Amino acid sequence: MNLRKALPFLDMFLGILVVAGVFCLIFALTQKAIFDLDIWLHLKAGEVILQNRAVPTQEIFSYTIQGKPWVDHEWLFQVLVYGVYSRWQANGLIFLEGLVLFFAFFILFSLGKRSLRSYPEAALLLLLAAYASITRFNIRPEIFSLLFFSAFLYILMFCLEGRAAYLILPAQLLWVNIHGYFFLGPLLILIFIAAEFLRRNLKLLPQGLKENSALSDRAYRRLKIIFLFSILVSLFNPAGLKGALYPLFVLGEVVSGRTSLAFKYIQELRPTFSMIKPSWANPYYLLIALCLAAAIARFKKLALTQLMLLAVFFPLSLKVRNVAFFSFIMYALISSFISFKPLPEDPGRIEDKRMRAYFLLRPLLCLAFIIWAIPAIQSRLLAVAYDFDAGQYKSTLFGTDDTYFPRRAVDFILEKRPSANIFNDFNSGSYLIGRGYPAVRVFIDGRTEAYGHEFFSQYRKVISGNKELFKEVVSRYRINSCIFSLFSGSSIPRILRYIYHDPGWKLVFFDAYGIVFARDVPQNKELIKSYALDLKKYSVPQADLKSIGLRGVFPAPYVRRAQLFFLLKEDELAAAEAKEALKILPSCFEAYALLGEVALRKKNYPQAMVSLRNALLIRPDNTEVLTELGYCLTKLKDNLLALKALEKAIRIDPHYAPPYFYLGGIYLKEKRPDEAVRALAKAVALDPETAGYHYRYAEALFKQANRSGDGKSRRVAHAHIEKSRRLLGVR
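Residues numbered from 1 in each chain as written. Predicted model: local features only at pLDDT ≥ 70, side-chain atom pairs only at ≥ 80, totals over all residues. Heavy atoms only, no water.

A. Representation of the overall build of the protein. For the protein, the count of helices and strands is 34 helices and six strands. Dimensions of the protein, computed from the C-alpha atoms along their principal axes, are close to 85 × 65 × 65 Å. Across the 731 residues in the protein, those meeting the buried criterion constitute 52%. Nonlocal contacts in the protein, meaning residues at least 24 apart in sequence, comprise 69% of its contacts between residues at least 6 apart. Only carbon and sulfur atoms are counted for the fraction: they give 60% of the accessible area of the protein, which is about 34,900 Å². Each charge class in the protein can be summarised by its mean position, and for the 92 positive and 59 negative side chains these summaries are 4 Å apart. (Helix = DSSP H or I, 4+ residues; strand = E, 2+ residues; numbered from the N terminus. Buried < 20%, exposed > 50% of the residue type's maximum accessible area, 1.4 Å probe, protein only. Contact = heavy atoms within 4.5 Å. Areas by Shrake-Rupley, 256 points an atom, 1.4 Å probe, with all protein chains shown as cover. Lys, Arg positive; Asp, Glu negative; His and termini not counted. Charge placed at Lys NZ, Arg CZ, Asp CG, Glu CD.)

Here you go:
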């Protein structure tokens, strides 16, 4: 056998190795310490369901909405994860996550292999889809939706002519009791039905779309029956019709705009293009480019179903939470657009020169991937993180990542049991439920739909620093203690500054991950006497550089404490923590940025310039630091450079309000009121809850009115002054 004739065997062997490498890498990517905040609520809910042998129909975890109707559409997931956790703890949940996602991608690979008729391309395209979906690799109900979604796609694309299509129904029965995204099942079926209906009845449809991907009469009839029964099956959940209509309720909230606040502040609900910056190197955008290129190349063979899948799921992917589902759709479509003929015994006989060259080179490409994949898998399996509390490195694959949870703060709450109700932030709610219920009930947790728009809106105003509203909440709910998580993925609540400086509250616990305050009332007398803290006596812990060694370790505890101290106006402590962070990691962007902010507050503008410049040398496109630099330059009397910094900040993120505010200030000083009005109007539109923006906007409007004699501008200016006074609580 000569080398050319051995190529098909070698090609298949290397293709199988590529598939194995891809799945090993995908499984390795799913194995990571638990960091999800919501899993703790799910575990507690599963425990309650198993104890009571019933799914709760009313709110039980929160004292603020206790007794309110609650549709627990994820009860089956909760029971499953609690069963696993009670026996195998966190590692059992991590393995469960890996198993579910492994099967989700295996089904997707089977779909791609059936379309492409080639192992390597199907596997490598799958890896691209996996990396595009990696932000959703977490132990949460959504991973089961990915599993069911891939199964539905496979069945609808390949099994409608046989009875295997009816497997959709038991899958839908499980889906409706596991995750609220169960509506995607009937939606997929409806798309296939609508495409076939239009293909058969729309006379204006191009002939190519009518001919491609047609269903037989029997398959079309079966599909309609399956759709009807999938709707009926969805009624089989503890909440019945209400549970089946839950997605429509959420859709109504979205259409009405009542969820806009949650979309603004919850990362997974934010716009995709603001969270995933456009780049050809990003798997999500690369998939889009491949999908468009393949669709254009195969334009005459496009099927109506394919176009409708794109039309429906692309808008859904504009929220970052839904990117994984669109990635699955793009994988399925790219696979169906491209199809390889089986490699002949002698590849040299392939007539197309480009395809012949490709097939002759493909074994080398497969070998190159395998060489890359082995160290990639190894590095993932051997990944470690430095535990500052334990003073040692530990694997990132097992257990829980406690840097995401206020573990010790909750330990303090559970041990000391402050009297009355506890005010908590959004991020700590689910963890507090998982650790403390029924002894502790929460103010709020991650179920925004349960609390509703009005409650969430009030909560946002409180943590943003509205002290009058906070006092009202404390009085209404008889709150005598507060706990906040210092989660690095979100900003520290500004209300902390008021609580810290209010003599009616005492700091009783803090670390890098959580902080606890007790209200100075008789019920807390002994607690405060024993545990009240004076930060004036606090000393910054020295980093153990010997145990850290020569690895680049992000100094998360130091950065978090520095950010907390800066918010509390303990600037010396903030600077000391930031400087210690720079000892650990000299390229720590956050530390330089914070030192710059401290210097700005002290009006030491030359020093602020140095620190902010150092920060921008590390991250030149950071909007917040560019804005701070712009402000600093105005104080150094260099408006030209300030304008450049602020304009760059706006180009990077046109939805960030502060640079418009500072631009408006520069224009006012330069006596350019029309430009100042435009800039400040944008700042007010982007952040209508900041009093200073309204006041400065009113100032610009007055100057514009004085110049033009426009009475309308004066009236608008007066309205914004009143708005500013209301926001400040001034009557």
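B. Structural view of the packing of helix α20 (residues 448–463) against helix α21 (residues 467–477). Relative orientation of the contacting elements α20 and α21 amounts to 120 degrees, with a least axis distance of 9 Å. When the axes of α20 and α21 are compared, the pair comes out oblique. Here the hand of the crossing between α20 and α21 comes out left-handed. Counting all contacts with α20, which are made through Phe-455, Gln-458, Lys-461 and Val-462, the residues of α21 involved are Leu-469, Phe-470, Val-473 and Tyr-477. (Axes fitted to C-alpha atoms, helices over the stretch in contact; angles between N-to-C directions. Parallel < 35°, antiparallel > 145°, perpendicular 65-115°, else oblique. Left-handed = near helix turned anticlockwise from the far one by under 90°.)

C. Structural context of helix α30 (residues 639–652). End to end, α30 covers 20 Å across 14 residues, agreeing with the expected 20 Å (1.5 Å per residue, within 8%). Inspection of α30 places Ala-642, Leu-643, Ala-645, Leu-646, Ala-649 and Ile-650 among the buried residues, and these make up the whole buried set. In a view along the axis of α30, the buried residues occupy a sector of 165 degrees, so they form one face of it. Among the exposed residues of α30, those oriented more than 90 degrees off its buried face are Leu-640 and Arg-651. Next to the buried residues of α30 lie α29 (623–635) and α31 (658–669). (Expected span 1.5 Å × (residues − 1). Arc of directions from axis to C-beta.)

D. Region of interest: the pattern of salt bridges. Following the criterion strictly, the structure yields 29 salt bridges and no others. Here Arg-672 ties to Glu-675 by a salt bridge, and the two come within 2.8 Å at their closest N and O atoms. Three or more residues are tied together by salt bridges with common partners; here these are Glu-196, Arg-199, Arg-200 and Asp-217. (Salt bridge = Lys/Arg side-chain N within 4 Å of Asp/Glu carboxyl O.)

E. Main features of the environment of Tyr-631. You can see Tyr-631 is positioned in helix α29. Spatially, the C-alpha atoms of Tyr-631 and Ser-110 are 56 Å apart, while their sequence positions differ by 521 residues.

F. Spotlight on the side chain of Gln-704. Relative to the helices and strands, Gln-704 is located in helix α33 (residues 691–708). With sequence-adjacent residues up to four places away left out, Gln-704 is seen in contact with Pro-673, Asp-674, Val-677 and Ser-713.

G. Highlighting a nonpolar patch on the surface. Side chains of Tyr-166, Leu-173, Ile-225, Leu-228, Phe-229, Leu-232, Leu-235, Phe-236, Leu-241, Leu-245, Leu-248 and Leu-251 sit close together on the surface and give an oily, nonpolar patch of about 1,100 Å² of accessible area. Counting only elements with at least two residues in the nonpolar patch, the list comes to α9 (217–233) and α11 (246–256). Looking at the nonpolar patch, the element that brings in the most residues is α9, giving four residues. Classification of Leu-245 as partly exposed rests on a relative accessible area of 37%. (Patch = residues over 30% accessible without salt bridge, like charges linked within 9 Å, V, L, I, M, F, W, Y side chains within 5 Å.)

H. Up close: the environment of Ile-463. Here Ile-463 lies in helix α20. Each C-alpha atom, one on Ile-463 and one on Ile-492, is 8.8 Å from the other, the two residues being 29 residues apart in sequence. Aside from chain neighbours lying at most four places away, what touches Ile-463 is Phe-423, Pro-493, Arg-494 and Ile-495.

I. Region of the structure containing the pairing of strand β2 (residues 392–395). The sheet contact formed by strand β1 (residues 384–387) and β2 spans four bridges and is antiparallel. Across the sheet, the residue bridging to Ala-385 is Lys-394, located in β2. Here β1 folds back onto β2 in antiparallel fashion, the turn holding four residues, of which Gly-391 has a positive phi close to 70 degrees. (Pairing = 2+ DSSP bridges.)

J. Up close: a positive patch on the surface. A cluster of like positive charges, contributed by Arg-163, Arg-218, Arg-221 and Lys-224, occupies part of the molecular surface. Summarising the element assignment, Arg-163 is placed in the loop between α5 (142–158) and α6 (168–176). Classification of Arg-163 as exposed rests on a relative accessible area of 72%.

K. Local environment of the nonpolar core. Residues Phe-105, Phe-149, Phe-423, Phe-443, Phe-470 and Leu-496 are the most contacted members of the largest nonpolar core, which totals 231 residues. The dominant element in this core, judged by the number of residues it contributes, is helix α3 (residues 75–116), at 15 residues. In this structure, Phe-149 is in contact with Trp-175, Leu-184, Leu-188, Phe-313, Phe-325, Phe-328 and Ile-329, ignoring residues within four places of it in sequence. (Core = buried A, V, L, I, M, F, W, Y, C linked by side-chain atoms within 4.5 Å.)

L. Broad picture of the packing of helix α27 (residues 589–601) against α29. In the contact formed by α27 and α29, the axes pass within 11 Å of each other and the chain directions differ by 30 degrees. Considered as vectors, α27 and α29 are oriented roughly parallel to each other. Seen along the crossing, α27 lies across α29 with a hand that is left-handed. Mapping the contact onto sequence places Phe-589, Ala-593, Glu-597 and Leu-600 in α27 and Val-625, Glu-628, Tyr-631 and Cys-632 in α29. Across the contact of α27 with α29, the residue classes break down as six nonpolar, no polar and two charged. (Nonpolar A, V, L, I, M, F, W, Y, C, P; charged D, E, K, R; others polar.)

M. Broad picture of the environment of Ser-133. Relative to the helices and strands, Ser-133 resides in the loop between α4 (119–132) and α5. Residue Ser-133 is classed as buried on the basis of its relative accessible area of 1%. Sequence-wise, Ser-133 and Tyr-284 are 151 residues apart; in three dimensions their C-alpha atoms are separated by 8.0 Å. If we skip the residues at most four places from it in the chain, Ser-133 touches Phe-105, Ala-324, Ser-327 and Phe-328. At 2.8 Å, the side chain of Ser-133 forms a polar contact with the backbone oxygen of Ala-129. (Polar contact = N/O pair within 3.5 Å; in protein donor to acceptor, adjacent residues only side chain to side chain.)

N. Summary view of the packing of aromatic side chains. Per the counting criterion, the structure on display carries 51 aromatic pairs. Where Phe-405 meets Tyr-431, the ring centres are 5.1 Å apart and the plane angle is 10 degrees; that geometry is what we call stacked. Of this pair, Phe-405 sits in the loop between β2 and α18 (407–416) while Tyr-431 sits in helix α19 (residues 426–436); the two residues are 26 residues apart in sequence, bridging distant segments of the chain. For the residue pair Phe-405 and Tyr-431, the accessibility class agrees, reading buried in each case. Among the aromatic residues, those joined into a cluster by ring pairs are Tyr-63, Phe-423, Phe-443, Tyr-451, Phe-455, Phe-470, Tyr-477, Phe-484, Tyr-498 and Trp-505. Sitting over the ring of Phe-566, Arg-601 keeps its end group 3.9 Å from the ring centre. (Phe/Tyr/Trp six-rings, centres within 6.5 Å; stacked < 30°, edge-to-face > 60°. Lys NZ or Arg CZ within 6 Å of the ring centre and 35° of its normal.)

O. Inspection of unusual backbone geometry at higher detail. Each neighbour pair has its own omega, and for Tyr-437 with Pro-438 the value is 10 degrees, a cis peptide bond. Within the fold, Pro-438 resides in the loop between α19 and α20. With a phi close to 65 degrees, Lys-603 is a non-glycine residue in the positive phi region. Looking at the secondary structure, you find Lys-603 in the loop between α27 and α28 (605–618). Accessibility expressed as a relative area gives 62% for Lys-603, which makes it exposed. Even without being a glycine, Lys-671 presents a positive backbone phi close to 60 degrees. Structurally, Lys-671 can be placed in the loop between α31 and α32 (673–686).

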